[in-house]
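# A look at the structure
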Amino acid sequence: MRGLAAGAAARLDTFVNEDRIALAVTGLSGAGKTVFITSLVNNLLALGRAAGQGRDTLPRLTAALRGPDGASRLRGVRVLAHDGALPAFDYAGKLASLSADTPAWPAPTRDMARISLAIDVERRGPLARRLAGPRRVRLDILDYPGEWLLDLPLLRHSFAAWSAEALALLRTPPRAAVAAPFLAFLAGLNPAGPADAVAIAQGHALYRAALRGCAAIGLRYLQPGRFLAAPAADDPPFLAFFPLEGRGATAGLLAGRFAAYQRHVRRTFFDTRFRRFDRQVMLVDLLSALHAGRAAFEDTARAVADIARGLREGWGGGLRADGLPLAHHVPSVLLGGRVVPRPIGRVAFVATKADHVPALRRENLRNLLRALAAPAAGGLAGPAVSYHAAAAVLATRDGTARIAGRAAEVVQGVVLGEAQARAFHVGDVPSGLPPDSFWSDSYFTLPVFRPPRIVADGSHGIPHLGLDIILAELIGDRL
Ligand SMILES: Nc1nc2c(ncn2[C@@H]2O[C@H](COP(=O)(O)OP(=O)(O)OP(=O)(O)O)[C@@H](O)[C@H]2O)c(=O)[nH]1
Ligand SMILES: [Mg+2]
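Residues numbered from 1 in each chain as written. Chains lettered and ligands numbered in written order. Predicted model: local features only at pLDDT ≥ 70, side-chain atom pairs only at ≥ 80, totals over all residues.

## A word on the overall build of the chain
Summing up its helical and strand segments, the chain has 14 helices and ten strands in all. Relative to its 479 residues, the chain shows a buried fraction of 41%. A separation of at least 24 residues holds for 77% of the contacts in the chain among residues at least 6 apart in sequence. (Helix = DSSP H or I, 4+ residues; strand = E, 2+ residues; numbered from the N terminus. Buried ≥ 20, exposed ≤ 12 C-beta atoms within 10 Å, placed from the backbone. Contact = placed C-beta atoms within 7 Å.)

This is the structure in structure tokens:
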């Protein structure tokens with residue numbers, strides 16, 4: 001009896017005092033997800049450790065955490081033990097490489113990973129404080145590849161419509177040159193002929209090679225995203241498709257595989273994982289896209305717009321009409337703990353690595369991102385969408401230098417492998433879709449800077465630009 005009462009009291013305590021925020025961090029490969037999460041965790045831990053005693057690593061979040069008396073309501077932050085349901089985000093390993101004697105950026109990651117923090121906060125009002133204990137907010141942070149999101153728009157299409165769109169793109173430069181072997185294969189294939197397993201396997205391999213070739217020249221709008229990874233031994237047979245126009249046995253077979261793939265994506269990603277997020281960060285490396293040239297930039301723009309649209313339709317439930325019986329809904333192992341599905345409440349689009357450009361250009365960068373994403377994401381009832389230009393790890397200082405006889409705003413940083421800081425004027429950042437003339441001045445450079453010195457024990461936080469504003473915007477309301 002007493003046990004039952006204790007159990008009920010514990011459940012009541014959990015219900016009243018615990019909250020859970022599921023924050024998904026995504027972006028195409030190299031966008032800066034791993035660095036972003038490492039810095040975010042490090043700065044939250046440093047802030048929690050200081051508990052109002054001065055080391056304010058995230059000023060705007062601190063402001064959101066201020067109680068009516070002006071004092072910080074933050075009582076502590078710690079990393080929760082991993083529950084093993086998903087690969088753990090290797091925070092210690094990433095921090096070790098950033099804070100090593102010779103600091104290095106963490107290596108690229110491929111899989112999704114999760115880290116959970118416990119944030120203890122005092123309640124806002126004096127009455128609430130008297131009636132209930134401090135709140136425990138569990139922040140689950142998930143790192144997942146944006147390439148998966150690029151598959152969401154694919155769910156909207158029939159095989160014929162997808163094929164027509166994909167092939168029209170592949171036949172356009174610069175894709176056409178990279179995809180030449182696949183296009184030649186298609187030219188020799190009779191869609192009305194019998195479905196030949198060997199030819200279909202060859203077509204699939206060539207299509208995959210074409211997508212990877214496109215990725216190698218900086219293109220980003222590549223579907224399905226899963227084809228960019230090396231083929232795995234346990235790939236299901238329905239994955240082996242490629243776009244094909246026309247009717248016939250081969251086209252029919254490929255359409256069947258395409259439909260099976262759509263069901264698979266819906267079931268494994270959309271219906272289970274995707275629905276559990278309630279806050280979303282979408283990181284975009286616009287500077288690298290500008291650096292890679294017009295075709296790569298336009299491809300990134302298309303990817304951003306499509307992802308924004310996919311997220312929006314996810315928010316609105318527009319893609320969920322799969323009609324699968326309940327038994328097909330795999331229980332979520334993704335975020336662990338109590339899973340209470342709720343719609344995504346807030347989304348932050350972030351242009352990353354903004355420490356490559358001085359302050360004025362950062363504003364342009366933010367506006368450029370807004371111009372790319374807002375037409376697809378904005379103007380909706382539903383989630384609050386914000387736009388940012390940020391650097392999760394600040395590797396430069398702003399400065400001025402004389403360039404061609406005139407004072408110019410620059411950033412000063414040490415290029416990886418060099419010893420001395422140098423001034424960089426990487427190029428202009430357009431504040432909206434770049435005009436044609438932008439692409440004729442090909443002087444946009446993008447050095448890889450050495451990460452700053454970071455105190456390994458995590459007590460000082462990691463210098464950043466704007467991480468606090470993003471956090472305040474995304475989770476401030478729930479703390
Ligand atoms: N200067 C600077 N460089 C950054 C910053 N964030 C990321 N970078 C650079 O971008 C590279 C990629 O960052 P990651 O965090 O590994 O990117 P990711 O999205 O996790 O990439 P994948 O794991 O390959 O998908 C890093 O190795 C750094 O060179 C930043 O805030 N400032
Ligand atoms: Mg990564």
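## Quick notes on the site of ligand 1
Around ligand 1, the surrounding shell holds 22 residues, and the nearest of these are Lys33, Thr34, Val35, Trp105 and Pro108. Per-element accounting of the shell around ligand 1 gives the leading share, three residues, to helix α2 (residues 33-50). When the residues that make up the shell around ligand 1 are grouped by side-chain class, the tally is twelve nonpolar, seven polar and three charged. (Near = placed C-beta within 6 Å. Nonpolar A, V, L, I, M, F, W, Y, C, P; charged D, E, K, R; others polar.)

## Observations regarding the confidence of the model for the chain
Looking at the chain, pLDDT values average 85 and 88% of them are 70 or higher. The low-confidence segment residues 315-341 (pLDDT under 50) makes 43 contacts with residues lying over four places distant or belonging to another chain. (pLDDT = per-residue confidence, 0-100.)

## Re helix α6 (residues 159-170)
Spanning twelve residues, α6 covers 16 Å between terminal C-alpha atoms, matching the ideal 16 Å at 1.5 Å per step. Among all positions in α6, only Phe159, Trp162, Ser163, Ala166 and Leu170 are buried. Each buried residue of α6 lies within a common arc of 100° when the element is viewed along its axis, so the set occupies one face. Pointing more than 90 degrees away from the buried face of α6 are the exposed residues Ala161 and Ala168. (Expected span 1.5 Å × (residues − 1). Arc of directions from axis to C-beta.)

## Describing helix α4 (residues 91-98)
Of the residues making up α4, those classed as buried are Tyr91, Lys94, Leu95 and Leu98. Angular distribution of buried residues about the axis of α4 spans 95°; they occupy a single face of the element. Exposed and oriented more than 90 degrees from the buried face of α4 are Ala92 and Gly93.

## Notes on the packing of helix α8 (residues 180-187) against helix α9 (residues 197-216)
Viewed as axis vectors pointing N to C, α8 and α9 meet at an angle of 150°, and their least axial separation amounts to 8 Å. Put simply, α8 runs roughly antiparallel to α9. Taken as a pair, α8 and α9 cross one another with a handedness that is left-handed. For the pair α8 and α9, contact is made by Pro181, Phe182 and Phe185 and by Gln202, Gly203, Leu206, Tyr207 and Ala210, respectively. Of the residues assigned to the contact of α8 with α9, the class counts are six nonpolar, two polar and no charged. (Axes fitted to C-alpha atoms, helices over the stretch in contact; angles between N-to-C directions. Parallel < 35°, antiparallel > 145°, perpendicular 65-115°, else oblique. Left-handed = near helix turned anticlockwise from the far one by under 90°.)

## Observations concerning the sheet that holds strand β3 (residues 113-121)
Reading across the sheet, the seven strands line up as β2-β3-β4-β1-β5-β6-β7 and stay open at both edges, with mixed pairing between neighbours. Strands with a single pairing partner mark the edges of an open sheet, and in this sheet they are β2 (74-79) and β7 (384-389). Strand-to-strand twist across the sheet, computed as the mean angle between neighbouring axes with direction ignored, equals 20°. Sheet contacts for helix α13 (residues 359-377): β5 (279-284), β6 (346-351) and β7; angle to β7, the most-contacted strand, approximately 150°. Packed on one face of the sheet, helix α14 (residues 467-475) meets β1 (18-27), β4 (135-145), β5, β6 and β7 and runs near 165° to β6. (Pairing = 2+ DSSP bridges.)

## Section: the sheet that holds strand β10 (residues 421-424)
Sheet strands pair via backbone hydrogen bonds, and the direction of the pair is either parallel or antiparallel. Spatially, three strands are ordered β8-β9-β10 in an open sheet, and the strand pairing comes out antiparallel. With one partner strand each, in any of the chains shown, β8 (397-403) and β10 form the two edges of the open sheet. Across the sheet, the mean angle from the axis of one strand to that of its neighbour is 45°, orientation sign disregarded. Strand direction decides the pairing type here: strand β9 (residues 406-414) and β10, joined by four bridges, are antiparallel. The residue of β10 that forms the bridge with valine 411 is phenylalanine 424.

## Here we look at unusual backbone geometry
Trans is the prevailing form of peptide bonds, just as negative phi is the prevailing case for residues other than glycine. The linkage connecting proline 173 with the following residue, proline 174, adopts the cis geometry, with an omega of 0°. Following the sequence through the fold, proline 174 ends up in the loop between α6 and α7 (175-178). For the bond from glutamine 223 to proline 224, the omega torsion is -10°, close enough to zero to count as cis. Relative to the assigned elements, proline 224 resides in the loop between α9 and α10 (249-273). Although it is not a glycine, lysine 353 adopts a positive phi angle of roughly 60°.

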